[in-house]
Amino acid sequence: MSLARIKHIVLVLSGKGGVGKSSITTQLALSLSLSGHSVGVLDVDLTGPSMPRMFNIEDAKVTQAPGGWLPVPVHVANPEKGVGELRCMSLGFLLRGRGDAVVWRGPKKTAMIRQFLSDVLWGEMDYLLIDTPPGTSDEHISLAETLLKEAKPGQLAGAVIVTTPQAVATADVKKELNFCVKTRIPVIGVIENMAGFVCPNCAECTDIFGKGGGQVMAKDFDVPFLGRIPIDPQFVMLIETGRRPEYPQGTVINGEDFSKALQKGSGSSTGEVTKEASLLAEKYRGCSLEPIFREITQDIVTAVE
Amino acid sequence: MSPSLEEPEPVQDVIDNPLKARPQLVAPEPEHCPGPESEKAGQADSCAGCPNQAICASAPKGPDPDLPLIAARLAGVQHKVLVLSGKGGVGKSTFTTLLAHAFATDESRTVGIMDTDICGPSIPKMMGVEDETIHISNSGWSPVWVTDNLGVMSIQFMLPNRDDAVIWRGPKKNGLIKKFLKEVEWGDMDFLLVDTPPGTSDEHLSVNSLLKGSGIDGAIMVTTPQEVSLLDVRKEIDFCRKAGIKVLGLVENMSGFVCPKCTHESQIFRATTGGGAALAKEMGIPFLGEVPLDPRIGMACDYGESFFDHYPDSPAYKALRRVVKGLAKQIGEEVLPDD
């Protein structure tokens, strides 16, 4: 199996859609890569693949090589700066038009996922993150079956569960936690996304989608709580346009001054707009969410290694 | 094994194949199975050597015998509207409940919601009827009534424990959706709103093929402003085109957030590519409006209350009202008359 030389496999799951599975996967991947690990991202959301857009590699196509498919590089390793390689595989790369609907029933999706797990030539790699669609159906059953059967002992590190704070979301995510219990996939921890929004004008924090729901849920299910991620429109802009995050003067998060982040980068004055994917990790260093993910990543690495 | 991305089944073929009684298989479906319910069952190249071949080949072909039963059940339902979005978490269920509450403000109208999100049902919680169960009688299953003129059907009512995971593959989900249409006593109803999970897969195909015979008014699309979301919604509109479902309109949710302290408006999910309005124009479908983010909508959903009844002065209410009226106009109805 093409997964043979991967050290750790991490699933990103959520019962609920739109809670930020793909954006959490993106940030975990960037964060792991920035801390020197080689990372691959496998997008098994077949009817709504988001990873190509997230990494700004929508135009990329997958190349075939003897024995399998080659994943699409997001950036290459840079040992000098301690940055690991980052690559991605998604059904999005195989579609003809970006607006084309993928109208597939279950068995077809199952076959595709098996193929994704067996035919992608990842080679030697530290982490494989698997981004999933919402729910507990065909994709998830197939993933669980294949991984539990074929992964080496300890290779399947477990699942990171993503939720948003409101009760409507945690109600669905609890079902996903029960799915992990039933399939005996270990839970690495819960991340509460979209927890609060800080008004850029007056710095008032509003809990748009409530607060604390993820933490309470983690406690109820006796699984680790990895952290709380606020809404940062600058991150959305970074993904949408490639603009380097900009913060007003005096934005200090965890003792780090983010208003200076602009100068820290390449020295250009105001948010440069380049859509070059290789710079994504570099620009992400200037995002207010980066320190939060640095900590979460450390926790995950400690938990699985 | 050398890689192969086999030519996908023609979309039209998948859409046109109505669901039939599923043959009892003796072995799991092999890879590249044409589907035990499809026209090619038992006859495709990949069927050679499959232990199920004979079973699939002899399974009944032709129209589903249950379709006339479904049409009879739904004979009293005036309008059937699907709520769709390729993307999850954009507010399909929230919008479905708001729409239902809005329609139900007129006491002479009856509204039903059918929740086809099998793995993540949200409607019962949002309607405040999470702990209800379904009553089954000789004549069928009765929906759970939220008010005298607002009924709901969801898998959540059938789960032994609230947080139980529904670990089902496609065919089983299809079976339940069929039961919701065939067994439930919807009765005389003005509107039946069908809430769906994200994507373009089993649930959507089933709803479409099972309801086609009794007539679908069309679908309303929900999106959020950013391109990551529009990308998936574009796929859903493509699906509707191919399946022959009329798109009644597009509504953009979570458009802008007004800070409760300083009233500064932030574009949290910024529409860098023109948002819902531009997509509607590009696809030639009606744009029904933008609904701003209001934390009270989410709170009303968490507590199972009607946002529509509680906050009639908020900007979100006014925006929603416009959208609801716009949608009603598309299906030739008049709702929420001006005072």
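Keep in mind that what you see is a predicted model, and the values were worked out from it rather than measured.

Draft legend 1. View of the overall build of chain B. On a plain count of helices and strands, chain B comes out with twelve helices and eleven strands. At 21 Å, chain B has a C-alpha radius of gyration in line with the 20 Å of a compact globule built from 339 residues. Here the C-alpha coordinates of chain B stretch approximately 70 × 50 × 40 Å along the principal axes. The buried share of chain B, taken over its 339 residues, is 58%. Only carbon and sulfur atoms are counted for the fraction: they give 50% of the accessible area of chain B, which is about 13,500 Å². Averaging the locations of the 32 positively and 47 negatively charged side chains of chain B gives two centres separated by 3 Å.

Draft legend 2. Highlighting the overall build of chain A. Across its full length, chain A holds ten helices and 14 strands. Radius of gyration (C-alpha) of chain A: 19 Å, near the 19 Å computed for a compact globule of 305 residues. Residue burial in chain A is summarised as follows: out of 305 residues, 66% are buried. Long-range pairs, those at least 24 residues apart, make up 78% of the contacts in chain A with a sequence separation of at least 6. Of the roughly 10,900 Å² that chain A leaves accessible, carbon and sulfur atoms contribute 52%. Looking at charge distribution, chain A has the averaged site of its 31 positive side-chain charges lying 4 Å from that of its 34 negative ones.

Draft legend 3. Quick look at the interface of chain A and chain B. In this assembly, 73 residues from chain A lie in contact with 73 residues from chain B. A buried area of about 6,000 Å², summed over both sides, lies between chain A and chain B, and 58% of it is on carbon and sulfur atoms. Of all residues in chain A, A:Val103, A:Arg105 and A:Lys175 bury the most surface against chain B, accounting for 13% of the area lost on that side. Applying the counting rule to chain A against chain B returns five salt bridges. A salt bridge links A:Glu204 to B:Lys261; the nearest nitrogen and oxygen atoms lie 3.8 Å apart. Applying the counting criterion to the chain A and chain B interface returns 27 residue pairs in polar contact (both at pLDDT 80 or more). Taken together, the elements giving at least two residues each to the side of chain A that touches chain B come down to helix H2 (51–54), strand E3 (63–65), strand E4 (68–70), helix H3 (106–119), helix H4 (138–150), helix H5 (167–183) and helix H7 (233–241) of chain A.

Draft legend 4. Structural view of unusual backbone geometry. Residues and elements named next belong to chain A. One non-glycine residue, asparagine 56, adopts positive backbone phi at about 55 degrees. Position of asparagine 56 relative to the elements: it lies in the loop between H2 and E3. According to the relative accessible area criterion, asparagine 56 is partly exposed, its value standing at 26%. We note that methionine 194 has phi near 55 degrees; this positive angle belongs to a residue other than glycine. By the element assignment, methionine 194 lies in the loop between strand E9 (187–192) and strand E10 (197–198).

Draft legend 5. Molecular detail of the UniProt feature "binding site: [4Fe-4S] cluster" (unreviewed entry) in chain A. Per the UniProt entry, the sites bearing "binding site: [4Fe-4S] cluster" (unreviewed entry) are A:Cys199 and A:Cys202 in this numbering. With respect to the element layout, A:Cys199 can be found in the loop between E10 and strand E11 (205–206). With relative accessibility at 2%, the residue A:Cys199 sits in the buried group. Setting aside residues no more than four positions away along its own chain, A:Cys199 makes contact with A:Glu204, B:Cys259, B:Cys262 and B:His264. Among the structural elements, A:Cys202 can be located in the loop between E10 and E11. Residues contacting A:Cys202, with those up to four places away along its chain left out, are B:Cys259, B:Lys261 and B:Cys262.

Draft legend 6. Main features of the packing of aromatic side chains. Residues and elements named next belong to chain A. Throughout the structure, instances matching the rule amount to seven aromatic pairs over all chains. With a centroid separation of 5.7 Å and 80 degrees between ring planes, the pair formed by tryptophan 69 and phenylalanine 116 is classed as edge-to-face. Pair noted here: tryptophan 69 is in strand E4 and phenylalanine 116 is in helix H3, with a separation of 47 residues, a long-range link. By relative accessible area, phenylalanine 116 is classed as buried at 0%.

Draft legend 7. Quick peek at the UniProt feature "binding site: [4Fe-4S] cluster 1" (unreviewed entry) in chain B. Residues and elements named next belong to chain B. Sequence positions flagged by UniProt for "binding site: [4Fe-4S] cluster 1" (unreviewed entry) are, in local numbering, Cys33, Cys47, Cys50 and Cys56. Despite a sequence span of 24 residues, these residues sit close together in the fold, their greatest C-alpha distance being 10.8 Å. Judged by relative accessible area, cysteine 33 falls into the buried class, the value being 15%. Mapped onto the elements of the fold, cysteine 56 is located in helix H2 (residues 53–58). If near-sequence neighbours (up to four positions away) are discounted, cysteine 56 is found in contact with Leu25, Pro36, Ala41, Gly42 and Lys61.

Draft legend 8. Quick look at the nonpolar core. A:Phe55 and A:Ile130 are the most contacted members of the largest nonpolar core, which totals 89 residues. Those residues in contact with A:Ile130 that lie beyond four places of it in its chain are A:Ile9, A:Val10, A:Leu11, A:Val12, A:Leu42, A:Val44, A:Leu117, A:Leu143 and A:Leu147.

Draft legend 9. Structural detail: the UniProt feature "binding site: ATP" (unreviewed entry) in chain A. Residues and elements named next belong to chain A. What UniProt calls "binding site: ATP" (unreviewed entry) maps, in this numbering, to Gly15, Lys16, Gly17, Gly18, Val19, Gly20, Lys21 and Ser22. Mapped onto the elements of the fold, glycine 15 is located in the loop between strand E1 (6–13) and helix H1 (21–34). By relative accessible area, which is 7% here, glycine 15 ends up buried. Apart from the residues within four sequence positions on either side, glycine 15 is in contact with Pro134, Gly135, Asp172, Val173 and Glu176. In this structure, lysine 21 sits in helix H1. In this view, lysine 21 contacts Val12, Leu13, Ser14, Lys16, Asp131, Thr132, Pro133, Pro134 and Val162; residues no more than four positions away in its chain are not counted.

Draft legend 10. Quick peek at the UniProt feature "binding site: ATP" (unreviewed entry) in chain B. Residue and element names in this part refer to chain B. Within the UniProt annotation, "binding site: ATP" (unreviewed entry) is assigned to Gly86, Lys87, Gly88, Gly89, Val90, Gly91, Lys92 and Ser93. Here glycine 86 shows up in the loop between strand E1 (77–84) and helix H4 (92–104). The class of glycine 86 is buried, set by a relative accessible area of 9%. Ignoring any residue separated from it by four or fewer positions in sequence, one finds glycine 86 in contact with Pro198, Gly199, Asp232, Val233 and Glu236. Considering the arrangement of structural elements, one finds glycine 89 in the loop between E1 and H4.

Draft legend 11. View of the pairing of strand E9 (residues 247–258) of chain B. Residues and elements named next belong to chain B. Within E9, eleven of the twelve residues are buried, which leaves it mostly tucked inside the rest of the structure. Examined bridge by bridge, strand E8 (residues 218–223) and E9 share five bridges and lie parallel to one another. By the bridge assignment, valine 222 is partnered in E9 with valine 251. Pairing of E9 with strand E11 (residues 287–293) involves five bridges; the strand directions are parallel. Bridge assignment links glutamate 252 to a residue of E11, and that residue is glutamate 290. Inspection of the sheet shows E9 paired to strand E10 (residues 265–266) by two bridges, in the antiparallel sense. Residue valine 258 lies in a different strand from E10, and its bridge partner there is glutamate 265. The hairpin turn running from E9 into E10, its antiparallel successor, is six residues long, and threonine 263 in that turn takes a positive phi close to 60 degrees.

What counts, and where the lines are drawn
- Every chain's residues receive numbers from 1 upward, in the order its sequence appears when written.
- For naming, the first written chain is A and the first written ligand is 1, with later ones following in the order written.
- Under the rules for a predicted model, residues below a pLDDT of 70 receive no local features and side-chain atom pairs below 80 are neither given nor counted, while totals for whole chains, interfaces and linings still include all residues.
- Here the side-chain values reflect all heavy atoms present in the structure, with hydrogen atoms and water set aside.
- What counts as a helix is a DSSP run of H or I of at least four residues, what counts as a strand is a run of E of at least two, and both are numbered from the N terminus.
- Each radius of gyration reported is based on C-alpha atoms, and the globular scaling rule is 2.2 Å times the count of residues to the power 0.38.
- Relative accessibility under 20% of the residue-type maximum defines a buried residue, over 50% an exposed one, and the middle range a partly exposed one, all with a 1.4 Å probe and only protein chains included.
- Accessible surface is estimated by sampling points in the Shrake-Rupley manner with a 1.4 Å probe; for residues, cover comes only from the protein chains shown.
- In this charge count, Lys and Arg are treated as positive and Asp and Glu as negative; neither His nor the chain ends contribute.
- In this description, the location of a charge corresponds to atom NZ of lysine, CZ of arginine, CG of aspartate or CD of glutamate.
- In what follows, residue pairs with any heavy atoms lying within 4.5 Å of each other are defined as contacts.
- Note: buried area is the sum, over both parts, of the accessible area (probe 1.4 Å) each one loses when the two are combined.
- The term salt bridge refers to a side-chain nitrogen of Lys or Arg lying within 4 Å of a carboxyl oxygen of Asp or Glu.
- Nitrogen and oxygen atoms within 3.5 Å of one another constitute a polar contact, given that in protein one can donate a hydrogen and the other can accept it, and given that sequence-neighbouring residues count only through two side-chain atoms.
- UniProt positions are given in the numbering used here, feature names are shortened, and annotations may be inferred rather than shown by experiment.
- Pairing of aromatic side chains here covers Phe, Tyr and the six-membered ring of Trp, requires ring centres within 6.5 Å, and sorts the geometry by plane angle: under 30 degrees stacked, over 60 edge-to-face, intermediate tilted.
- Residues belong to a common nonpolar core when they are buried Ala, Val, Leu, Ile, Met, Phe, Trp, Tyr or Cys residues joined through side-chain atoms within 4.5 Å.
- At least two bridges found by DSSP between two strands are what make those strands a pair.

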